[in-house]
Amino acid sequence: MKIIFHGAAQEVGKSCIEIISQGKRYLLDAGVKFIHGGVEYPKYLDKVSELNAIFLSHAHMDHCGALPMLEHKRLKCPIYCTKMTWDITNILLEDGFHLEKLRSIHPAYSARDVRAVKDDINLVRYSKWYETKDRKVKFQYINAGHIPGSASILLEIEGKRVLYAADINTQETLLMEPSLLEKLEFDKPIDVLITENTYGNRLHPDKADVQEGFIKSIMSGIEGGGSVLLPVFGVGRSQEILILLEKLPKNIPIYLDGAARVLTKLMYQSSDNYILNKDILEDMFKRVHLVKHPAERAKIAKQKGVVILTTSGMLQGGPSVGYAETMIHDKNNFIILSGFQAHGTNGRSIFEDHVFYNHHQRFKVLAHVRKFDFSAHIGQDGIRKVMKNLKAKHVLLQHGDIDALEAVKQWSDRHTDEVPSNVIIPRIGEELEF
Ligand SMILES: [Zn+2]
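Residues numbered from 1 in each chain as written. Predicted model: local features only at pLDDT ≥ 70, side-chain atom pairs only at ≥ 80, totals over all residues.

**Q** Quick question: what am I supposed to make of unusual backbone geometry here?
**A** Among all residues except glycine, the phi angle is most often negative; among peptide bonds, the trans geometry is most common. The linkage connecting T311 with the following residue, S312, adopts the cis geometry, with an omega of 0°. In this model, N277 sits at a positive phi of 55°, which is unusual for a non-glycine residue. Mapping N277 onto the fold places it in the loop between α8 (260-268) and α9 (278-287). Classification of N277 by C-beta neighbours within 10 Å gives buried; the count is 21. One non-glycine residue, L315, lies in positive phi territory at about 55°. Residue position: L315 is located in the loop between β17 (307-310) and α11 (319-327). Overall, L315 belongs to the buried group, with 28 C-beta atoms counted inside 10 Å. (Helix = DSSP H or I, 4+ residues; strand = E, 2+ residues; numbered from the N terminus. Buried ≥ 20, exposed ≤ 12 C-beta atoms within 10 Å, placed from the backbone.)

**Q** Looking at this model, I keep getting lost on the nonpolar core. Mind explaining?
**A** Across soluble globular proteins, you tend to see nonpolar side chains buried next to one another. Among the nonpolar cores identified, the biggest contains 128 residues, and I54, F55, I153, A165, L230, L309 and I335 are the most heavily contacted of them. For this core, the two domains that each supply at least three residues are domain 1 (2-202 + 376-433) and domain 2 (207-371). I54 has contacts with L27, A30, C77 and I79, leaving out every residue within four places of it along the chain. (Core = buried A, V, L, I, M, F, W, Y, C linked by C-beta atoms within 7 Å. Domains from an automatic or database assignment. Contact = placed C-beta atoms within 7 Å.)

**Q** Mind showing me how you'd approach the sheet that holds strand β7 (residues 79-81) here?
**A** By way of backbone hydrogen bonds, the strands of a sheet pair with one another, either parallel or antiparallel. The strand order β8-β7-β6-β3-β2-β1-β24 describes an open sheet built from seven strands, whose pairing is mixed. Of all strands in the sheet, those bounded by a partner on one side alone are β8 (121-123) and β24 (431-433). Sheet twist, expressed as the average angle between the axes of neighbouring strands with direction ignored, equals 25°. (Pairing = 2+ DSSP bridges. Axes fitted to C-alpha atoms, helices over the stretch in contact; angles between N-to-C directions.)

**Q** Quick question: what am I supposed to make of the packing of α8 against α9 here?
**A** In helix packing, the relevant descriptors are the interaxial angle and the interaxial distance, both defined with respect to the helix axes. The contact between α8 and α9 brings their axes to 9 Å, and the two run at 140°. Accordingly, the angle class assigned to the pair α8 and α9 is oblique. For α8 against α9, the interelement crossing comes out left-handed. Contacts between α8 and α9 involve T264, K265, M267 and Y268 from the first element and K278, L281, E282 and F285 from the second. (Parallel < 35°, antiparallel > 145°, perpendicular 65-115°, else oblique. Left-handed = near helix turned anticlockwise from the far one by under 90°.)

**Q** Which parts of the structure should I look at to understand helix α7 (residues 237-244)?
**A** Along an α-helix, a turn takes 3.6 residues, which lines up residues three or four apart on a common side. With respect to burial, α7 is a largely interior element, eight of its eight residues being buried. Among the residues making up α7, those that are buried are R237, S238, Q239, E240, I241, L242, I243 and L244.

**Q** What is the right way to read α8 from this model?
**A** Along α8, the residues classified as buried are A260, R261, L263, T264 and M267. Tucked into the core, α8 has its buried residues touching α3 (83-94), α7, β15 (254-257), α9, β16 (289-290) and β17.

**Q** Could you clarify how one ought to interpret the sheet that holds strand β10 (residues 137-143) in this entry?
**A** Here seven strands make up an open sheet; going across it, the order is β9-β10-β11-β12-β13-β22-β23 and the pairing mixed. Looking at strand neighbours, the two that pair on one side only are β9 (129-131) and β23 (422-424), the edges of this open sheet. When the angles between neighbouring strand axes are averaged without regard to direction, this sheet yields 20°. Both strand β12 (residues 160-166) and strand β13 (residues 192-196) contribute to a ladder of four bridges, which runs parallel. Across the sheet, Y164 pairs through a bridge with I194, a residue of β13.

**Q** Quick question: what am I supposed to make of the domain arrangement of the chain here?
**A** When the parts come together, some accessible area is lost, and that loss is often what is quoted as the size of the interface. Taken as a whole, the chain is organised into domain 1 (2-202 + 376-433) and domain 2 (207-371). For domain 1 versus domain 2, the distance between C-alpha centres works out to 29 Å. Sort the elements by how many residues they give to the side of domain 1 that touches domain 2 and α3 lands first, with four residues.

If you want it as structure tokens, here you go:
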């Protein structure tokens, strides 16, 4: 079989890996990459109508955002994913914020293309073997611990086993049961392991310390006479933070705004057993004030002693930008970031330079800015444990910056006794034969 990377090779974004076997073509994910002022689409991906199946790992846009574009190019094959992944993907693809960005790749991209995705979806359950319609591929979805619905995908093709770890987290969070790839034993050896390396060169701080620091930081904002803005990613992070906010005294008002509202409800109502603390999530959803109308925002942003939880997590688009516009000018306010902040985003510039950009203007940030590492990705030590446990014949390192990828490769080259694998850092467009 051949494996070709159309994205997420020596980068994070536009995850899309093609497997070609006996004239059939399969895709692992079909994501986009948001770049400054635009969107990138998987590279060198042609003859979309001849694809035989798409295996979708989870609902982040860098893994699922290209699906409507594939429909636009007359996709005719099933798209496999878990129910939660589809429920979230459907909401995100219809969300105006993403819609606008996606249109910049293809102006003709329309609601019809989103509906066409729906018609191709085939839902799968975790830990159960399935077969593709052409009967050439057997596959199983395994909890990835990354966000609700997320999966690592085990495939059996030509008698060989390929494990696409996709985005994984092997540490339990307040929201998710962890991935077990560090210790899972498979009945047959893994021939090809494809793993993410977002944090290939970094260790995560202690989780309890992060949670404690986060709550303390909120309390210092409130006790200092200010309010606290929590810009969050809608999928997963907003729910994890909401569960953590249960620790706040009940007299502190919490406002919930943006896509987090509908996603939170979806998650606590779900029957997915890998989602944890659904009862707390539901209680918190009832405890918070839901911001129902954009007109309420200006007034809320001026209040003192309140906490506002809203998308987007990097202060690029979404209601968080509107709140920040007002809140940055008060030195008693706190803006607390809880995730990765990409270059060129407001989240990054308020944290590093105390500068906020809006409507082509530059503002000095007087409010306090704090950042906490609540990662949903496996850390450096976890990646090593997974590679040691699985001892795959070949390991393809992807979904990471080049420094992170090389750090993992160098480590594995020094530990061939523990990781007896052929470790490769693929390039976009390169054809690998197995
Ligand atoms: Zn992800």
